[in-house]
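The primary structure of each chain is shown beneath.
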Amino acid sequence: MNKPAKPQADDVDDLSDIHGPMPTDAEWDAWAEQNRDEINESLRRARQEFAEGKSVAWDPEAIMDEVREQLRREGR
């Protein structure tokens, strides 16, 4: 029996017709390197805002409740 070399997720939206092909791992690594300072600053601000009580941790169950409600409204 032939087995696929790499399983493909069936819930991934293919947006390549809009955004072009997905970047390769090397391209992602290069992007992260080019944007390292901005990424780190964003993380620092987020941690600071969380420490100051300006944001709250995500509640996965609350997020799923919102998703279920949206799907219910859409009739799915």
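Cut-offs used in this document
- Numbers given to residues run from 1 along each chain, matching the order in which its sequence is written.
- Selection of residues for local features in this predicted model requires a pLDDT of at least 70, selection of side-chain atom pairs for listing and counting requires 80 or more, and totals for whole chains, interfaces and linings are taken over all residues.
- Based on all heavy atoms of the structure, the side-chain values leave hydrogens and waters out of the count.
- Salt bridges are identified by distance alone: a Lys or Arg side-chain nitrogen within 4 Å of an Asp or Glu carboxyl oxygen.
- Elements are defined by DSSP. Helices are runs of H or I of four residues or more, strands are runs of E of two residues or more, and each kind is numbered from the N terminus.
- Here a pair means two rings of Phe, Tyr or Trp (six-membered ring of Trp) with centres within 6.5 Å. Their orientation is stacked below 30 degrees between planes, edge-to-face above 60, and tilted elsewhere.
- Each patch is built from residues that are more than 30% exposed by relative accessible area and take part in no salt bridge. Like charges join if they lie within 9 Å; nonpolar side chains (Val, Leu, Ile, Met, Phe, Trp, Tyr) join within 5 Å.
- Each accessible area is a Shrake-Rupley estimate made with a 1.4 Å probe; only the visible protein chains count as cover when residues are assessed.
- Only protein chains enter the accessibility calculation, which uses a 1.4 Å probe. A residue is then buried if its area is under 20% of the maximum for its type, exposed if over 50%, and partly exposed in between.
- Between N-to-C directions, angles cover 0 to 180 degrees, with each direction set by a line fitted to C-alpha atoms, over the stretch in contact for helices.
- Roughly parallel means an angle under 35 degrees; roughly antiparallel means over 145; roughly perpendicular covers 65 to 115; every other angle is labelled oblique.
- Contact between two residues is taken to exist if any of their heavy atoms lie within 4.5 Å; hydrogens are not considered.
- Each residue gets one of three labels, nonpolar for Ala, Val, Leu, Ile, Met, Phe, Trp, Tyr, Cys and Pro, charged for Asp, Glu, Lys and Arg, and polar for the others, Gly among them.

**Here's the deal with the pattern of salt bridges**
If the charged atoms of two oppositely charged side chains come close together, the side chains can form a pair.
Argument step 1. Evaluation of the coordinates by the stated rule reveals 9 salt bridges.
Argument step 2. With a closest N to O distance of 3.6 Å, R73 and E69 form a salt bridge. Of the two residues, R73 and E69 both sit in helix α4 (residues 60-73), 4 residues apart, roughly one turn of that helix.
Argument step 3. Connected through salt bridges with shared partners, the residues E41, R44 and R45 form a single ionic network.

**Remarks on the packing of aromatic side chains**
The geometry of an aromatic ring pair is captured by the separation of the ring centres together with the interplanar angle, meaning the angle of the planes.
Argument step 1. Under the defined criterion, the tally for this structure stands at 1 aromatic pair.
Argument step 2. For the ring pair W28 and W31, a centre distance of 6.3 Å and an interplane angle of 85° mean the geometry is edge-to-face. Of this pair, W28 and W31 both sit in helix α2 (residues 25-34), separated by 3 residues, roughly a single helical turn.

**Section: a nonpolar patch on the surface**
Argument step 1. Together, W58, I63, M64, V67 and L71 make up a nonpolar patch on the protein surface, roughly 500 Å² of accessible area in all.
Argument step 2. Owing to a relative accessible area of 37%, M64 belongs among the partly exposed residues under this scheme.

**A look at the packing of α2 against helix α3 (residues 36-51)**
Argument step 1. Relative orientation of the contacting elements α2 and α3 amounts to 70°, with a least axis distance of 4 Å. For the element pair α2 / α3, the angle class is roughly perpendicular. Contacts between α2 and α3 pair W31, A32, E33 and Q34 from the former with R36, E38 and I39 from the latter.
Argument step 2. Residues of the contact of α2 with α3, tallied by class, amount to 3 nonpolar, 1 polar and 3 charged.

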